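Structure assessment
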Amino acid sequence: MASFFAALLTLAFVAHQWVEANRDLWPNPRSEEGLAITLTYNIASHGFFLLALAAILAWLLNQTRQKASRDPHSSRGKPLKRHRAWKAVSQHPFATVIFTACAIFMVSEASWFYKEIIGWFDDIQAGYLLDNFSLRMNLFRETMSRNDFRFYPLAFQDLQILSWLTPYPKIWMIFNVAQMIATVMLGAKIAGLTAKHKQGREAIAMFAILFIFIAPSAYSYFQFIYSERIVTLLFAGHLYAYINYKFTKQALSRNAAIACALIGIFFKDTAILLFLSPAAVTLALGNIGLVTNMPKPSETSFKGWISAYKAELAIMSLALFFIICFAYLSYLPSLYVGGDRYDAELKFLRFEPDLRLFILSIYTAIRSFQILKKKETPNPVDGANFGALAYVFALYYFVGYRSSNYMALPMHFVAVIDILIAWQSCIKPWLEKSIGPNKTGFAGTFLSVAIIYGEHMFPNTFYHRIKDMTMTQRSWAATYKKSDEILRAARETGQPVNVIFSKSWFRRFSHLKQLKYDRLIYLNEDTKEYLIVDGVGKGGFYEPQIGDFFLDLDTGRHRIKEFGINIDGFVPIYEYAENLKNGRIYTKR
């Protein structure tokens, strides 16, 4: 297998050298022929990638089944516990209230009126919903056909699958709720398995408060487009399964950890640092004798060493698969197309840490000191801490780092695990001796609320993000609805209805085409030309006339001024809210 990987890497290197030396033999990558070549290559290469990924997952599933059939201690055939869900609800009422309240709000606010969703799914209602099981090429172009050295081929493909099942975003949001709850539950379980003392009932509520009510979670769970949501869930599943494997040595847990990592590393180009770090740290510390029951190379045969570290080696081997996939799926086509890496100008641009990153760093430093002094035994969470710090540095290197940004969600997840471990191992035992177990549980919940309250004293918080998101979506939806009413009324009077729009997320105008008009006109913010894109005289140029409408669904006063969009002579006839930048309808007097 190693020789096969080496051959593939060598072939990629040879292809790189050949492309560089023979550029004049290829058509211009920006030409129609060049674009066709790259598109064909992208489709073929990603097809092979998806087949290979499916084959590996099928092999892992088959191996798990075979191991389970031979394992006398397998849980197969054991009766399922009844009423487990109701028991969990009764034991964790406060966490249930949090989950329920978030679910109601998230589902009620879910809509199509949010940035990329409008463009990516502009064709979802095409074909009268009779051919819904088809690939969304907009999503394919966004991830698998970028050719700018970005590499996250599986990102947003969960949305691809959801779009096949239902066109309704409120149903999609139920899946977001499920992912959020599962991530919280797994995080609390990871902390419970790692801490020295028994976990209390307050743990899930504490984790929910500290993890949900932060700006990165507002980005990721209350909207659709950010892949950090599923990266964090898969990382939680990976870490939980890996910890279980360290305790039980069951093939099911080992293969589940490998499967989560295998999928997760392709949802975000920097996610590989998260998934490989727990195994890498275990491998490194085990080989210097700091991990219990993990032999140094000098203490066993090579075969025994392989057997002892087979899970870690299997997880680390994913790095080779990742590198090969990057070489063929991203590097070679990006090399042919040319140009800088996407967002290359953001490299080391900004670094905005917060209390969570400080806690993560201090906790990791203390644990490292204790482990090296042999006062503590390392565990997979220690590896996750190093992975989270490496992930933060990678973001800082590539695009800059902000703790309030959606990309910081995995760091927050690991930091909350550390906080819960510190609570259960240090603070909780001391409080139980002073005020008793019941009051200690309330104290932990109150402490979590106090931390969130303190964090909300600073800018870029969960509240600000949610407020901005909901107001934006409501203004877009209300202005669109009002546009439909005004245009219908204008048509009923018999006057020509000409609708002008400019710099907008509605630029693919599938939503605008549902409005009633005679002409739909695009004002190019660069050339300042008015082009009829639909209706009477399609394809021709246009000059604004008295009675024309200008729709500012999402452009906003700032961008109208920034791009020099000419609305002289247009007066507002509708305004969603005075304090918002957008959400207006104008007519020419």
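Here, the structure is the one placed above.
1. Observations regarding the overall build of the chain
- Regarding its fold elements, the chain presents 22 helices and 8 strands.
- Taken over C-alpha atoms, the radius of gyration comes to 27 Å for the chain, in line with the 25 Å a tight globule of 589 residues would show.
- Looking at the 589 residues of the chain, the share that counts as buried comes to 50%.
- When contacts within the chain are restricted to residue pairs at least 6 apart in sequence, those whose partners lie at least 24 apart make up 72%.
- Here the chain contributes 63 positively and 45 negatively charged side chains, and the mean placements of these two sets differ by 12 Å.

2. Side note on the sheet that holds strand β3 (residues 498–501)
- Spatially, β5-β4-β3-β6-β8-β7 is the arrangement adopted by the 6 strands of the open sheet, whose pairing is mixed. Each end of this open sheet is capped by a strand with a single partner; those strands are β5 (530–535) and β7 (570–575). Averaged over all pairs of adjacent strands, the angle between their axes in this sheet comes to 30°, without regard to strand direction.
- With 4 bridges connecting them, β3 and strand β4 (residues 519–523) associate as parallel partners. From the neighbouring strand, Asn498 faces β4, where its bridge partner is Arg519.

3. Some details on the nonpolar core
- Judged by nonpolar contacts, the single largest core of 118 residues is most densely connected at Phe207, Phe266, Phe275, Phe413 and Ile417.
- The element contributing the most residues to this core is helix α19 (residues 409–435), with 12 residues.
- The contacts of Phe207, once residues within four sequence positions are left out, are Thr183, Val184, Gly187, Ala188, Ile212, Phe413, Val416, Ile417 and Leu420.
- Judged by nonpolar contacts, the second largest core, of 22 residues, contains Trp476, Leu515, Phe549 and Leu553.

4. Concerning the side chain of Thr232
- Relative to the helices and strands, Thr232 resides in helix α11 (residues 228–248).
- Excluding anything up to four places from it in sequence, Thr232 contacts Thr183, Phe211, Tyr221, Leu409, Pro410 and Phe413.

5. Remarks on empty space enclosed by the protein
- Using the criterion set out here, one finds 4 cavities of 30 Å³ or more in the structure.
- Size it by volume and the largest cavity reaches roughly 70 Å³.
- Taken together, 16 residues form the lining of the largest cavity, with Thr143, Asn147, Arg150, Leu329 and Ser330 sitting closest to its centre.
- Looking at the lining of the largest cavity, the element that brings in the most residues is helix α16 (residues 318–337), giving 3 residues.
- Residue classes in the lining of the largest cavity are distributed as 6 nonpolar, 7 polar and 3 charged.
- A volume near 50 Å³ is recorded for the second largest cavity.
- Surrounding the second largest cavity, Phe501, Ser504, Phe506, Leu512, Leu551, Leu553, Asp554 and Thr555 form its lining.
- Tallied by class, residues from the lining of the second largest cavity come to 5 nonpolar, 2 polar and 1 charged.

6. A word on the packing of α11 against α19
- Where α11 contacts α19, the two axes come as close as 9 Å, and the packing angle between them is 35°. Once α11 is placed against α19, the crossing between them reads as right-handed. Across from Glu228, Arg229, Val231, Thr232, Phe235, Ala236 and Leu239 in α11, the residues of α19 making contact are Leu409, Pro410, Phe413, Val414 and Ile417.

7. Overview of the packing of aromatic side chains
- Enumeration according to the criterion identifies 39 aromatic pairs in this entry.
- Among the aromatic side chains, those forming a connected cluster through ring pairs are Phe49, Phe149, Phe151, Phe266, Phe321, Phe322, Phe326 and Tyr331.
- Across the ring face of Tyr342, the terminal group of Arg146 is positioned such that the distance to the ring centre comes to 4.4 Å.
- Taking NZ or CZ as reference, Arg150 lies 4.8 Å from the ring centre of Tyr152, over its face.

8. Some remarks on the pattern of salt bridges
- Evaluated as defined, the whole model comprises 20 salt bridges.
- Salt-bridge contacts for Lys428 lead to Glu202; the nearest nitrogen and oxygen are separated by 3.4 Å. Separated by 226 residues along the polypeptide, Lys428 in helix α19 and Glu202 in helix α9 (residues 202–212) bring together distant segments of the chain. No difference in accessibility class separates Lys428 from Glu202, as the two residues are buried.
- Between Arg356 and Glu455 there is a salt bridge whose closest N-O contact spans 2.8 Å. In this pair, Arg356 is assigned in helix α17 (residues 355–372) and Glu455 in helix α20 (residues 437–455), connecting sequence segments 99 residues apart.

Rules of the game
- Residues numbered from 1 in each chain as written.
- Predicted model: local features only at pLDDT ≥ 70, side-chain atom pairs only at ≥ 80, totals over all residues.
- Heavy atoms only, no water.
- Helix = DSSP H or I, 4+ residues; strand = E, 2+ residues; numbered from the N terminus.
- Rg over C-alpha atoms; globule rule 2.2 N^0.38 Å.
- Buried < 20%, exposed > 50% of the residue type's maximum accessible area, 1.4 Å probe, protein only.
- Contact = heavy atoms within 4.5 Å.
- Lys, Arg positive; Asp, Glu negative; His and termini not counted.
- Charge placed at Lys NZ, Arg CZ, Asp CG, Glu CD.
- Pairing = 2+ DSSP bridges.
- Axes fitted to C-alpha atoms, helices over the stretch in contact; angles between N-to-C directions.
- Core = buried A, V, L, I, M, F, W, Y, C linked by side-chain atoms within 4.5 Å.
- 1 Å grid on protein atoms, 1.4 Å probe; cavity = no way out; pocket = protein on both sides within 12 Å on 5 of 7 lines; lining within 4 Å.
- Points joined across faces, edges and corners; volume = space filled by probe spheres on them.
- Nonpolar A, V, L, I, M, F, W, Y, C, P; charged D, E, K, R; others polar.
- Left-handed = near helix turned anticlockwise from the far one by under 90°.
- Phe/Tyr/Trp six-rings, centres within 6.5 Å; stacked < 30°, edge-to-face > 60°.
- Lys NZ or Arg CZ within 6 Å of the ring centre and 35° of its normal.
- Salt bridge = Lys/Arg side-chain N within 4 Å of Asp/Glu carboxyl O.

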